[in-house]
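# Secondary and tertiary structure notes
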Amino acid sequence: MRLALLYGGLFFASGAALLAFTDVLLLGMVSVRQTSPVGTGNALPTGNALPTGRVLGGPQHGADLRQLLIYSGVALAVMAALSPWLGWLVAGRALRPFRTIMTAARDISASNLHERLGLDGPYDEFRELGETLDDLFGRLEASFESQRHFVANASHELRTPLTVERTLLQVALDDPDATAETLRSTCEKLLTLGEHQERLIEALLTLAISERGVRRWEPFDLAEVAGQVVLARRQEAERLGVHVDAALTAALAAGDPSLVESLMANLVDNALRHNVAGGQVDISTATKAGWATISVSNTGTVIPPGEIDRLFQPFQRTGHERVRHTGGHGLGLAIVSAIASAHGAILTAGARPEGGLDIEVSFSAPEAQPSPS
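Here the structure is a predicted model, which is why all the values come from computation and not from measurement. (Residues numbered from 1 in each chain as written. Predicted model: local features only at pLDDT ≥ 70, side-chain atom pairs only at ≥ 80, totals over all residues. Heavy atoms only, no water.)

### Thoughts on the pairing of strand β7 (residues 357-363)
- When you tally the buried positions in β7, you get 5 out of 7 residues, the bulk of the element.
- Where strand β5 (residues 291-298) and β7 come together, 7 bridges link them in antiparallel fashion. Looking across to β7, one finds that A292 is bridged to F363.
- Of the strand pairs in this sheet, strand β6 (residues 346-351) and β7 are connected by 6 bridges, and their pairing is antiparallel. Looking at the pairing, A351 lines up with L357 of β7.
- The turn joining β6 and β7, which pair antiparallel and follow one another in sequence, is formed by 5 residues; a positive phi near 115° is taken by G355. (Buried < 20%, exposed > 50% of the residue type's maximum accessible area, 1.4 Å probe, protein only. Helix = DSSP H or I, 4+ residues; strand = E, 2+ residues; numbered from the N terminus. Pairing = 2+ DSSP bridges.)

Take a look at the structure:
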C-alpha cells in the first residue's frame, strides 16, 4: 500500500507538472495575436518604420482561456483517478518476486530444507536475493544433516559405555560369592570406562569449540607449538614402538594458539594410534609461498582413497578399526578439519600406497589475519 501510494503520487505529480507546463505555453500563444497593417487607401504610412502587431484582449481571449482551463481540470481529474490504480499495479508487479520469496521461505523448515526458490526471469536484485537464499538453504541443509548424524553417533558412543557399566555393576551385585578382589576388578573396569567417557566428552567439547570459530587471533610459531606436542607424546610413541622424526622449521602463522595446539595434538595422536608396530611418523613445519605449513605422515594400514573424506567426519573409522578397539573415538580428524576451517587454513590429505596417511595444513601469515571483531 505504501509503495502504491508513493508510485501513485509520483504519477499524479508528473502528470500535473507536464499539464502545467503545457498550459503555460498555450496561454502564451493565445494571449498574443498579430493584426493586419493599418493605412489610408493604398498609401503607406510616412516614415521608415512599418506598422507592427498589437496585443488584443476581449471576449475571444477569455473564452479560449476558460476552455483551456476546463480541459486541464478534466485531464487532472482523470489523472488523479488513474494514479492510485497505476501505482497499485506497478507496486504489485514490482513486489511479485518478493512475495514468492517470502512465501517459499515461510514454507521451508528443517524438514524440507531440500526445497529451493528457483526464481526465473531476468537477472535483477530479486533474483540475486533468491539465489543467495538458495545458497543459504543449501548450507543449512548440510549443517542440519551433519548435526543429525553427529547427535545420533554421539548418542551411540555415550550409550555403549553406560550400558557396559550398568552390566558390570549388575553382575557384581548379583554374585553371592563376590570377593574383594572381584569387586576391585569391577571398580577398575568402571574407572577405565569412566576415563573413556571423559576423553569422549572432552573431544566433543573441543569439536564444538572449533566449529564455533576463532575468537582470538594472534601470531604464533607452528614449530614451537608442534615441538611441545611431540615432546608430550614421546613416551606414548615409545610404548607403541613407533619412531617419530620431527623436522621443525620456524613458520609464523595467525590464529588461536590453543586451538592450533589441539589440531596438532590430534594429528599426532591419529598418526600414533593408527600405526603399526615399528612404524614411522614424520612431522615437519615450514613456510611455503607465504603459508605456514605443518605436515604429518605416518605408516599404517592401506586406506582406500575414497575413504579419505569420510575419515574427516565425526565418529568415522576405517573398516578394520570398527571391529578392533584402537583407543580413539573417531573424532580426531573431525576436530582437525573443524579447526582448519575455523582458521581459513588449507587442509589436504592423501593415502599412501604402502599404507598410512599424508596430511598437510597451511595457515595464513600473521599480516593476513582478520581484524578483531
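### Quick look at the side chain of S362
- Among the structural elements, S362 can be located in strand β7.
- At 3.0 Å, the side chain of S362 and the side chain of T293 are in polar contact.
- Other than its neighbours up to four places away in sequence, S362 contacts W291, A292, T293, A345 and I346. (Polar contact = N/O pair within 3.5 Å; in protein donor to acceptor, adjacent residues only side chain to side chain. Contact = heavy atoms within 4.5 Å.)

### Here we look at the packing of helix α5 (residues 222-232) against helix α7 (residues 257-273)
- One can describe the packing of α5 onto α7 by two numbers: an axis separation of 9 Å at closest approach and a directional angle of 50°. Classed by the angle they form, the pair α5 and α7 counts as oblique. Between α5 and α7 lies a crossing of right-handed hand. Together, L222, V225, A226, Q228 and V229 of α5 and V260, E261, M264, A265 and V268 of α7 make up the contact between the two elements.
- Taken together, the residues that form the contact of α5 with α7 break down as 8 nonpolar, 1 polar and 1 charged. (Axes fitted to C-alpha atoms, helices over the stretch in contact; angles between N-to-C directions. Parallel < 35°, antiparallel > 145°, perpendicular 65-115°, else oblique. Left-handed = near helix turned anticlockwise from the far one by under 90°. Nonpolar A, V, L, I, M, F, W, Y, C, P; charged D, E, K, R; others polar.)

### Regarding the packing of aromatic side chains
- Within the structure shown, the criterion is met by 1 aromatic pair.
- Taking the centre distance of 6.4 Å and the plane angle of 75° together, the rings of F220 and F363 count as edge-to-face. Highlighted residues: F220 in strand β1 (residues 218-221) and F363 in strand β7, separated in sequence by 143 residues. The pair F220 / F363 is uniform in exposure class, with both members buried. (Phe/Tyr/Trp six-rings, centres within 6.5 Å; stacked < 30°, edge-to-face > 60°.)

### Overview of α5
- Those residues of α5 not exposed but buried are L222, A223, V225, A226, V229 and V230. For α5, the angular spread of buried residues about the axis comes to 165°, placing them on one side. In α5, the exposed positions that point more than 90 degrees away from the buried face belong to E224, L231 and A232.
- Two to three positions downstream of the cap, the backbone nitrogen of A223 sits 3.1 Å from a side-chain oxygen, assigning the N-cap of α5 to D221. (Arc of directions from axis to C-beta.)

### Examining the nonpolar core
- Counting residues in hydrophobic clusters, the biggest one holds 47 residues, and the most contacted among them are L222, L263, M264, I294, V361 and F363.
- Contributing elements (two or more residues each) for this core: α4 (180-212), α5, α7, β4 (280-288), β5, α8 (308-311), α10 (332-342) and β7.
- Take this core: its biggest share by element is 9 residues, from α7.
- Residues contacting M264, with those up to four places away along its chain left out, are L222, V225, A226, V229 and I294.
- Formed by 7 residues, the second largest nonpolar core is a distinct cluster that contains L113, L117, L133 and F137. (Core = buried A, V, L, I, M, F, W, Y, C linked by side-chain atoms within 4.5 Å.)

### A word on α10
- Buried residues of α10: L333, A334, I335, V336, A338, I339 and A340, and no others.
- The first or second residue beyond α10 is G344, which carries a positive phi of 70°.

### What about the confidence of the model for the chain?
- Residues of the chain with pLDDT of at least 70 account for 79%, and the chain-wide mean is 77.
- For the chain, per-element mean pLDDT is lowest for helix α9 (residues 319-323), which scores 47, and highest for β5, which scores 94.
- Scored below 50 in pLDDT, residues 33-57 makes 13 contacts in the model with residues more than four places away or belonging to other chains. (pLDDT = per-residue confidence, 0-100.)

### Some details on the pattern of salt bridges
- Enumeration over the complete set of coordinates arrives at 6 salt bridges.
- Here E360 makes a salt bridge to K288, at a shortest N to O gap of 3.2 Å. Note that E360 is positioned in strand β7 and K288 in strand β4, a separation of 72 residues in sequence.
- Judged by relative accessible area, E360 falls into the partly exposed class, the value being 24%.
- Owing to a relative accessible area of 42%, K288 belongs among the partly exposed residues under this scheme.
- Across the salt bridge formed by D358 and R352, the nearest N and O atoms sit 3.7 Å from each other.
- A cluster of three or more residues bridged by salt bridges with shared partners is formed by R352, E354 and D358. (Salt bridge = Lys/Arg side-chain N within 4 Å of Asp/Glu carboxyl O.)

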